[in-house]
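# Secondary and tertiary structure notes
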Amino acid sequence: MHASPALFWFRQDLRLADNPGLFGLRTRPLLAAFVLDDEAAGAWAYGGAQRWWLHHSLKALGEALEARGIGLHLASGDSAEIIPRLAAAIGAEEVVAARMYEPWAVRRDGAVARALAKDGRSLTLETGALLHDPDGLRTGAGKPYSVYTPFARALSAQPEAPPPLPAPQALHPAAEAPQGLALDDLGLLPRRDWWREFPQHWMPGEAGAQRALADAGKVLPAYGSARDFPARAGTSRLSPHLHFGEVSPRQVFHAARGEGAFLKELYWREFSYHLLAHRPEMPEQPLRPEFARMPWRRDARALRAWQQGRTGYPFIDAGMRQLWRTGWMHNRVRMATASFLVKHLLLPWQEGEAWFWDTLLDADLANNSANWQWVAGSGVDASPFFRIFNPITQGEKFDADGAYVREWVPELAKLPAKFLHCPWLAPAELLSKAGIELGRDYPRAIVAHEEARARALAGYAGIRAS
Ligand SMILES: Cc1cc2nc3c(=O)[nH]c(=O)nc-3n(C[C@H](O)[C@H](O)[C@H](O)COP(=O)(O)OP(=O)(O)OC[C@H]3O[C@@H](n4cnc5c(N)ncnc54)[C@H](O)[C@@H]3O)c2cc1C
């Protein structure tokens with residue numbers, strides 16, 4: 001046994017299996033720690049929904065570590081002070097962690113490495129959150145990629161990711177391990193209990209992630225044809241597990257080998273991280289600078305209506321309510337709701353990004369900001385701004401029988417499918433038979449589609465001309 005102790009620092013890799021850094025330390029005396037460092041994360045500290053998830057994921061991780069012989073040391077505060085102190089307490093020369101790519105985390109890790117170095121200690125970062133490190137992929141001209149298709153081609157031409165590592169069978173506690181905080185002392189569970197339905201839909205932690213991966217095996221063969229229909233269980237629902245690293249992309253890749261349509265989405269995730277690593281301004285600034293001149297409106301009432309699922313467009317409202325109640329929204333509806341905010345309401349994409357950040361269990365800085373920029377048209381390889389999703393036909397196409405709207409907007413449940421996505425067109429008699437008075441039981445449309453579309457296009461023409 002290698003006698004020198006080490007510190008393993010868990011961050012967004014809350015798993016034991018296929019965790020290269022942890023695996024490498026399995027024979028050494030070990031302290032495993034997690035530090036909640038909201039200050040370093042600043043504006044991108046975990047949102048409310050993620051805090052709920054993190055609480056339960058840390059609980060599961062702590063129990064899994066206990067079963068293998070060591071505890072999970074919990075702390076809250078400045079990592080650059082806490083990590084060196086813990087390393088010194090156990091006499092560890094080496095701290096190991098999985099590399100993170102969020103700009104704040106990169107800065108924080110630099111500060112931790114410098115603080116450790118003062119005492120002759122080191123920070124080693126392993127690749128575990130991605131199939132390939134963003135630095136390893138470059139265009140023929142030696143530049144980072146800004147277009148998805150050549151990026152995905154380059155990624156798939158890389159040597160195949162090696163098979164996942166097993167979880168260590170046993171771990172050995174370092175002597176003199178200091179006492180950490182109790183989980184409840186991290187204060188992660190939001191006081192407001194809008195999350196009470198989350199446990200019906202999700203099981204945070206590595207065991208939950210493995211269950212989701214096994215369930216995904218059943219939907220993946222039909223993924224290509226089912227993935228766009230939000231009323232169907234046609235996607236993997238792995239996103240929060242992937243975000244918190246309860247399952248590794250390598251495990252997902254090997255489980256889904258051969259499922260081309262699905263792997264393309266996993267590659268979109270890699271692409272988002274590639275963009276974030278090379279364009280750290282992505283969460284805040286449009287990647288196409290002309291979008292800074294877009295005549296965005298400020299309209300607190302419209303923003304609130306969108307957040308609460310009360311825009312009067314049933315497909316949009318269903319999505320926003322699914323998000324609030326379950327902490328997740330189907331990708332097709334994420335695109336439609338995001339487009340509605342940016343184009344129909346002409347509100348800045350950053351407002352939608354911030355709401356998603358607070359309410360999504362899978363809120364992920366790379367994926368969230370890359371996708372908002374994609375929808376807004378301000379991303380490097382984005383959907384063009386003039387392609388404006390029609391919230392009515394999106395519903396008619398992807399929720400033709402209205403099952404999705406009926407589930408999340410139950411006040412419309414009795415309306416025939418023909419009018420479900422445009423209740424204002426329903427004859428008065430039909431509405432009253434369905435028990436609906438528009439403006440009382442369900443909102444009138446907050447904007448008229450054609451007018452909103454014209455306004456958005458005029459705004460866009462303005463920034464192109466200037
Ligand atoms: C406006 C907007 C915001 C989004 N914000 C997030 C976010 O904060 N976090 C997040 O994980 N995804 C985000 N997405 C991408 C996508 O909607 C979700 O990853 C997906 O719906 C998660 O469900 P799933 O696990 O069943 O996906 P599946 O379809 O089963 O896909 C498997 C995995 O691939 C990745 N993936 C799928 N689609 C995308 C995509 N478009 N971009 C990047 N990675 C993708 C995810 O990790 C996902 O878990 C956003 C999309 C939009 C349009």
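Parameters at a glance
- Counting starts from 1 at the beginning of each chain's written sequence and moves along it residue by residue.
- In view of the model being predicted, local features appear only for residues whose pLDDT reaches at least 70, and side-chain atom pairs are presented and counted only at 80 or more, with totals across whole chains, interfaces and linings using the full set of residues.
- The side-chain figures draw on all heavy atoms in the structure; neither hydrogens nor water molecules are used.
- A run of H or I in DSSP becomes a helix once it reaches four residues, and a run of E becomes a strand once it reaches two; helices and strands are each numbered from the N terminus.
- Here a salt bridge means any side-chain nitrogen of Lys or Arg lying within 4 Å of a carboxyl oxygen belonging to Asp or Glu.
- Each residue is placed in one exposure class: buried if its accessible area under a 1.4 Å probe, protein chains only, is under 20% of its type's maximum, exposed if it is over 50%, and partly exposed if it falls in between.
- A molecule or strand has a residue near it when one of that residue's heavy atoms lies within 4 Å.
- Pairs of N or O atoms within 3.5 Å make up the polar contacts considered here, provided that, within protein, one atom can donate a hydrogen while the other can accept it, and that residues adjacent in sequence are counted only when both atoms are side-chain atoms.
- What makes two residues a contact is simply this: any of their non-hydrogen atoms within 4.5 Å.
- For the purposes of this description, domain bounds are those given by an automatic or database domain assignment.
- Here the quantity called buried area is the accessible surface, traced with a 1.4 Å probe, that two parts lose on coming together, added over both.
- Nine residue types can take part in a nonpolar core, namely buried Ala, Val, Leu, Ile, Met, Phe, Trp, Tyr and Cys, and a core is a set of them joined through side-chain atoms within 4.5 Å.

### Some details on unusual backbone geometry
- One non-glycine residue, D18, lies in positive phi territory at about 45°.
- Tracing the sequence through the fold places D18 in the loop between β1 (6–10) and α1 (20–24).
- Not every positive phi belongs to a glycine, and L346 is a case in point at roughly 50°.
- As for its position among the elements, L346 is in the loop between α15 (331–344) and α16 (349–359).

### Focus on the pattern of salt bridges
- All chains considered together, the criterion is met by 21 salt bridges.
- Between R51 and D38 there is a salt bridge, and its shortest N-O distance comes to 2.9 Å. Here the residue R51 occupies a position in helix α3 (residues 48–67), and D38 occupies one in helix α2 (residues 38–41), the gap between them amounting to 13 residues.
- By relative accessible area, which is 16% here, R51 ends up buried.

### What about the site of the ligand?
- The environment of the ligand is formed by 28 residues, the closest being Y223, T235, S236, R237 and N331.
- In this structure, an oxygen atom belonging to the ligand sits 3.0 Å away from a main-chain N or O atom of S239.
- Here an oxygen atom of the ligand and a side-chain polar atom of N331 are 2.7 Å apart.
- The set of elements that each furnish at least two residues to the shell around the ligand consists of α10 (239–243), α12 (260–278), α15 and α17 (365–376).

### So, the environment of P162
- Position of P162 among the secondary structure elements: in the loop between α6 (148–157) and β6 (172–173).
- Residue P162 is classed as partly exposed on the basis of its relative accessible area of 46%.
- Once residues within four sequence positions are removed from consideration, P162 is found in contact with R250 and H254.

### Brief notes about the domain arrangement of the protein chain
- Looking at the assigned domains, one finds that the protein chain contains domain 1 (6–129), domain 2 (134–164 + 207–278) and domain 3 (289–465).
- Each of domain 1 and domain 2 has a C-alpha centre, and these two points are 24 Å apart.
- Taken together, the 17 residues of domain 1 in the interface contact 16 residues of domain 2.
- Summed over both partners, the interface of domain 1 with domain 2 comes to about 1500 Å²; 58% of that surface belongs to carbon and sulfur atoms.
- The tally of links between domain 1 and domain 2 comes to one salt bridge.
- When the shortest N-O distance is used, the salt bridge between R250 and D18 registers 2.5 Å.

### Some remarks on the side chain of D362
- You can see D362 is positioned in the loop between α16 and α17.
- Judged by its relative accessible area of 7%, D362 falls in the buried class.
- Polar side-chain contacts of D362 include one of 2.8 Å to the side chain of R334.
- In this structure D362 touches S239, P240, H243, G327, W328 and R334, once residues within four positions along its chain are discounted.

### Details of the nonpolar core
- Within the largest apolar cluster, 98 residues are counted, with the highest numbers of intra-cluster contacts made by L238, W306 and F356.
- No other element matches α12, which puts eight residues into this core.
- Filtering out sequence-adjacent residues up to four positions away, F356 remains in contact with W306, M320, L323, M329, R334, T337, A363, N368 and W372.
- Within the second largest apolar cluster, 34 residues are counted, among which are L16, L25, L171 and L186.

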